[in-house]
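What the coordinates show
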Amino acid sequence: LSPRWHVLTVLLALLGALAAWEIAKALISSALIFIFPLLTLILIMLVDVLAIDLWLKLWLAIILLVAAFGTLTRKPIEYPAFVFAAIGCVVYLPMCIATFLWVHQSEAGGFLAAFLYLVIATNDALAQITGQAFGRKQLTPHVSPGKTVEGALGGLFFAGAMGVTLSHTVEMTYVTGGMIALTIGFAGLVGDLTASMWKRVLGIKNYSALLGAQGGVMDRFDGLIFAAPVFYLLLTLAF
């Protein structure tokens, strides 16, 4: 690969493009199903090439162009679907995934990126395991009936434990590592519930079947996508 692009950037760009395709497919039925994922892919790939302030200017310019295009080409009845697709594919996904890459570009980048991923993966996996073993009380029955209070608490407990375990690799104290892990674990839960709420509004069970039994990219990585900007903000405030 070109030294300008880390393999992580390529993987996250593909993940973002697939997630954008899932969102666009659920909302619209025109050529924009492919244009929106392309915009998402390009924006994520440019994170490694452009400085943050320049990337943000480009991102804002693309948002304005998409908004202008929608105003000039959409019929009034098509506006809600177009707007939601644009927000998901051109605003939400590129910005959230860009923050993951900005974390990776920091001084302790590789370790911080691994910290974020492992905490969210631990939260997801152990929430499911503890929920299946001990879950009794539904957390949000109207949004995600399968989630339980016990499962959510179990996931957060083990996410915090993972943060404590990894704290020395990112030059944090045990307390700081644990507290940040709990915060991003909670953010991952919020991201999961947010994506589930979108599915309820759209009337779909999964965003796609790209990952087999796990559903689509948005079904599997919703928590990580939402938690990335929270982690980035915590790092910029704390260090």
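Structure: see above.
Now for a look at the structure at hand. (Residues numbered from 1 in each chain as written. Predicted model: local features only at pLDDT ≥ 70, side-chain atom pairs only at ≥ 80, totals over all residues. Heavy atoms only, no water.)

1. Description of the pairing of strand β2 (residues 144-148)
As judged from the 2 bridges shared by strand β1 (residues 138-140) and β2, these two strands associate in the antiparallel manner. Across the sheet, residue Q138 finds its bridge partner in β2, namely T148. Linking β1 to β2, which pair antiparallel, is a turn of 3 residues. (Pairing = 2+ DSSP bridges. Helix = DSSP H or I, 4+ residues; strand = E, 2+ residues; numbered from the N terminus.)

2. Points about helix α4 (residues 79-105)
For α4, with 27 residues, the first-to-last C-alpha span of 37 Å sits near the 39 Å given by 1.5 Å per residue. G88 marks the point of greatest bend in α4, at about 30 degrees. (Expected span 1.5 Å × (residues − 1). Bend = angle between axes of the 7 residues up to and from the residue.)

3. Quick notes on the nonpolar core
By size, the foremost hydrophobic cluster in this structure holds 59 residues, and its most contacted members are F36, L93, F100, F115, L116, M218 and F231. Ranked by residues supplied to this core, first place goes to α4 with 14 residues. Setting aside chain neighbours within four positions, we find L116 in contact with F100, I184, L224, A227, A228 and F231. (Core = buried A, V, L, I, M, F, W, Y, C linked by side-chain atoms within 4.5 Å. Buried < 20%, exposed > 50% of the residue type's maximum accessible area, 1.4 Å probe, protein only. Contact = heavy atoms within 4.5 Å.)

4. Structural notes on the pattern of salt bridges
According to the stated counting rule, one finds 3 salt bridges in the structure shown. Across the salt bridge formed by K147 and D192, the nearest N and O atoms sit 3.1 Å from each other. Of this pair, K147 sits in strand β2 while D192 is found in helix α7 (residues 174-202), placing the two residues 45 residues apart along the sequence. Summarising the burial analysis for this pair, K147 and D192 share the class buried. A salt bridge links D219 to K199; the nearest nitrogen and oxygen atoms lie 2.8 Å apart. Residue D219 is found in helix α8 (residues 217-238), and its partner K199 is found in helix α7; the two are separated by 20 residues along the sequence. Like K199, D219 is buried. (Salt bridge = Lys/Arg side-chain N within 4 Å of Asp/Glu carboxyl O.)

5. What to know about the state of the cysteines
Each disulfide consists of one covalent bond between the sulfur atoms belonging to two cysteines. Scanning the model with the defined rule gives 0 disulfides in all. C96 provides the cysteine sulfur closest to C89, a residue in no disulfide bond, and the two sulfurs are 12 Å apart. (Disulfide = S-S within 2.5 Å.)

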